[in-house]
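Structural features, examined
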Amino acid sequence: MKKFILTATLIICAIYSQAQLRIGLMAAPEFSYGQVKYNGETTSVDSDGATFLSKFGLEFDFMMSDTYAFSTGLIYSPKRLSLKAENADGTVIAEEYKIQYLQLPATLKLFTSEIQPDLKAYFQIGFMGEIMLYNEKLEDDNELVDKFQFFDFSFTGGAGLEYGAGVNTIIYGGVFYDLGLVNVIKEENAPEDDLTAKMRAWSLKIGLKF
């Protein structure tokens, strides 16, 4: 463990010493939803659609060259999990849960040459650790989910454009897809078998980088 921590520290220091740091302020309106799986025989549980929310935060691009960068950040990301359960007698129950995360991305950003003066395209791919800050039942009688995992881990990828608006100012934006890899439900009250939900999101990221 000590060797791993030392190696990771040396790698981070090497990246920092060799890279030019650019800090971005970003916001991303997004559609958030859960991919739900449930194998009950007398009850069915499905996702009850997507919710429009917005995340925001700081992004840090460590520019290793003009064509690629290591990108991370601190991003506040609210999400909603909407569930619809239908019993054998035809009774339908709809429930919604609010979950808030702090996202810690670790991604690689690749840039093209200039498409037009001061305008570049970029492609970004990587993973995000997500720490749960808060969760809440939107109705007191919600009963399908008891507890959520304190973390999530997601794949993220997308593409966008950067425009140099000044000597030290860059405007950027892009379309991204986040694919949750962890079942966010820790304890549930579904009557049969396990209920699983993995979060998904489509977002439109816009930001200003210095």
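Structure shown above.
Residues numbered from 1 in each chain as written. Predicted model: local features only at pLDDT ≥ 70, side-chain atom pairs only at ≥ 80, totals over all residues. Heavy atoms only, no water.

Val45, Leu81, Leu83, Phe148 and Ile185 are the most contacted members of the largest nonpolar core, which totals 18 residues. Where this core is concerned, the elements lending two or more residues are strand E1 (20-38), strand E4 (68-87), strand E5 (92-111), strand E7 (145-148) and strand E11 (195-209). Leave out the neighbours within four places in its chain, and Leu81 touches Gly34, Glu95, Glu96, Tyr97, Ile99, Phe148, Ile185, Ala197 and Met199. Core analysis: the next-biggest nonpolar cluster, separate from the first, contains nine residues, Ala69, Ile75, Phe111 and Tyr122 among them. (Core = buried A, V, L, I, M, F, W, Y, C linked by side-chain atoms within 4.5 Å. Buried < 20%, exposed > 50% of the residue type's maximum accessible area, 1.4 Å probe, protein only. Helix = DSSP H or I, 4+ residues; strand = E, 2+ residues; numbered from the N terminus. Contact = heavy atoms within 4.5 Å.)

Another point: the side chain of Glu130. Among the secondary structure elements, Glu130 is positioned in strand E6 (residues 119-137). Here the side chain of Glu130 touches Lys79 through a polar contact of 2.9 Å, side chain to side chain. At 3.2 Å, the side chain of Glu130 forms a polar contact with the side chain of Gln103. Setting aside anything within four residues of it in sequence, one finds Glu130 in contact with Lys79, Tyr101, Leu102, Gln103, Phe150, Phe151, Asp152 and Ser154. (Polar contact = N/O pair within 3.5 Å; in protein donor to acceptor, adjacent residues only side chain to side chain.)

Here the focus is a nonpolar patch on the surface. Where nonpolar side chains cluster on the molecular surface, the patch consists of Leu21, Ile23, Leu25, Leu58, Tyr163, Ile171, Leu208 and Phe210 and spans about 660 Å² of accessible area. The leading source of residues in the nonpolar patch is E1, at three residues. Tracing the chain through its elements places Phe210 in the segment after E11. Here Phe210 falls in the partly exposed class, since its relative accessible area comes to 45%. (Patch = residues over 30% accessible without salt bridge, like charges linked within 9 Å, V, L, I, M, F, W, Y side chains within 5 Å. Areas by Shrake-Rupley, 256 points an atom, 1.4 Å probe, with all protein chains shown as cover. Salt bridge = Lys/Arg side-chain N within 4 Å of Asp/Glu carboxyl O.)

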